[in-house]
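A closer look at the structure
The chain contents come next:
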Amino acid sequence: MTSQRTRNRLIQRLREEGISSEQVLDVMASTPRHLFLDEALAVRAYEDTSLPIGYGQTISQPYVVARMTELLLSRARSLQRVLEIGTGSGYQTAILARLVEHLYSVERIAPLLEQARRRLRELNIHNVEAALSQGGFGWPEKGPFDAILSAAAPSAIPAELKQQLSPDGVLVMPVGAERQHLVVVSRRGDSDQFDVEKLEPVRFVPLLSGVVR
Ligand code: SAH
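What comes next concerns the included structure. (Residues numbered from 1 in each chain as written. Predicted model: local features only at pLDDT ≥ 70, side-chain atom pairs only at ≥ 80, totals over all residues. Heavy atoms only, no water.)

1. Things to note about the layout of surface pockets
For the largest pocket, the calculated volume is near 320 Å³. Residue lining of the largest pocket: 16 residues in total, with Gln180, Val202, Arg203, Phe204 and Val205 positioned closest to the centre. Every element with two or more residues in the lining of the largest pocket is listed here: strand E2 (57–59) and strand E9 (194–202). Among the residues making up the lining of the largest pocket, the classes are represented as eight nonpolar, five polar and three charged. (1 Å grid on protein atoms, 1.4 Å probe; cavity = no way out; pocket = protein on both sides within 12 Å on 5 of 7 lines; lining within 4 Å. Points joined across faces, edges and corners; volume = space filled by probe spheres on them. Helix = DSSP H or I, 4+ residues; strand = E, 2+ residues; numbered from the N terminus. Nonpolar A, V, L, I, M, F, W, Y, C, P; charged D, E, K, R; others polar.)

If you want it as structure tokens, here you go:
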């Protein structure tokens, strides 16, 4: 159930659904998603669905992970310093870490963060700095970032995240309350102007402030 063959079937499905970045598909084909789930759910790891990871949170759906990563890769000019918001299980972190230079990741639920850190260590991923969120959005002390990806949805684009973008930096995130869409926000050069592109509908857990210890 957790073999390479099962994983390859998922990759085939992602292709059929329109994911075309070979880089993203390669990394997903070699990242064991079952290691980011509780044992009882591991058999479902290669279904294209989000699954519970405890604390009311979910591991993102593989299609959405692929789509957001592909968007990030195609839109960002540089991928030296990248921020992920919502480490969760650590699955999207593991994917991104293999495609960018240095990855920063913040999570607001301490036990999830600890577990994700352990998994990343076990997979020998060492270019990630993961930390407990300081209660706000993003990680301003480590910014600015060439790209930011959020796995949790705010009801509107947070100004503090736009401010953490480098010149020409891009932010890929779900936005909306009842109905959410994927949104790409791009900083215009080094100005304080941003272009916003609204893409397909998605379903994510909400971006929340505060910390759970
Ligand atoms: N990419 C993760 C998704 C986890 S769900 C995975 O595939 O496992 C989204 C995560 O965002 C949750 O773990 C939630 O606790 C976290 N989150 C929500 N608001 C946050 C905030 N303001 N800062 C950091 N993390 C946040």
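2. Some remarks on the nonpolar core
Counting residues in hydrophobic clusters, the biggest one holds 48 residues, and the most contacted among them are Leu14 and Met28. Per-element accounting of this core gives the leading share, seven residues, to helix H4 (residues 62–75). Aside from chain neighbours lying at most four places away, what touches methionine 28 is Arg7, Ile11, Leu14, Pro62, Val65, Ala66, Tyr91 and Ile95. Ranked by size, the runner-up nonpolar core spans 19 residues in total, among them Val106, Phe145, Val185 and Leu207. (Core = buried A, V, L, I, M, F, W, Y, C linked by side-chain atoms within 4.5 Å. Buried < 20%, exposed > 50% of the residue type's maximum accessible area, 1.4 Å probe, protein only. Contact = heavy atoms within 4.5 Å.)

3. Points about the packing of aromatic side chains
Applying the stated rule across the entire model yields three aromatic pairs. Measuring from centroid to centroid gives 5.8 Å for phenylalanine 36 and tyrosine 91, while their planes differ by 65°, and the two rings are edge-to-face. With phenylalanine 36 in the loop between helix H2 (22–29) and helix H3 (39–42) and tyrosine 91 in helix H5 (residues 91–97), the pair connects residues that are 55 residues apart, well separated along the chain. By the burial criterion, phenylalanine 36 is buried, and tyrosine 91 matches it. With a centroid separation of 5.7 Å and 90° between ring planes, the pair formed by tyrosine 104 and tryptophan 139 is classed as edge-to-face. In this pair, tyrosine 104 sits in strand E4 (residues 102–107) while tryptophan 139 sits in the loop between strand E5 (128–132) and strand E6 (145–150), placing the two residues 35 residues apart along the sequence. Pair check on accessibility: tyrosine 104 and tryptophan 139 agree, each one buried. (Phe/Tyr/Trp six-rings, centres within 6.5 Å; stacked < 30°, edge-to-face > 60°.)

4. What about empty space enclosed by the protein?
Applying the stated criterion across every chain, the model contains one cavity of 30 Å³ or more. Going through the elements one at a time, E2, strand E3 (81–85), H5 and E4 are the ones with two or more residues in the lining of the largest cavity. Split by residue class, the lining of the largest cavity holds 14 nonpolar, twelve polar and three charged.

5. What about the site of the ligand?
The immediate surroundings of the ligand are formed by 24 residues, with Thr58, Ser60, Ser89, Glu107 and Leu208 found nearest. Serine 60 is positioned with one of its backbone polar atoms (N or O) 2.9 Å from an oxygen atom of the ligand. Leucine 208 is positioned with one of its backbone polar atoms (N or O) 2.6 Å from a nitrogen atom of the ligand. Among the secondary structure elements, those contributing two or more residues to the shell around the ligand are E2 and E4. The element best represented in the shell around the ligand is E2, accounting for three residues. (Near = heavy atom within 4 Å. Polar contact = N/O pair within 3.5 Å; in protein donor to acceptor, adjacent residues only side chain to side chain.)

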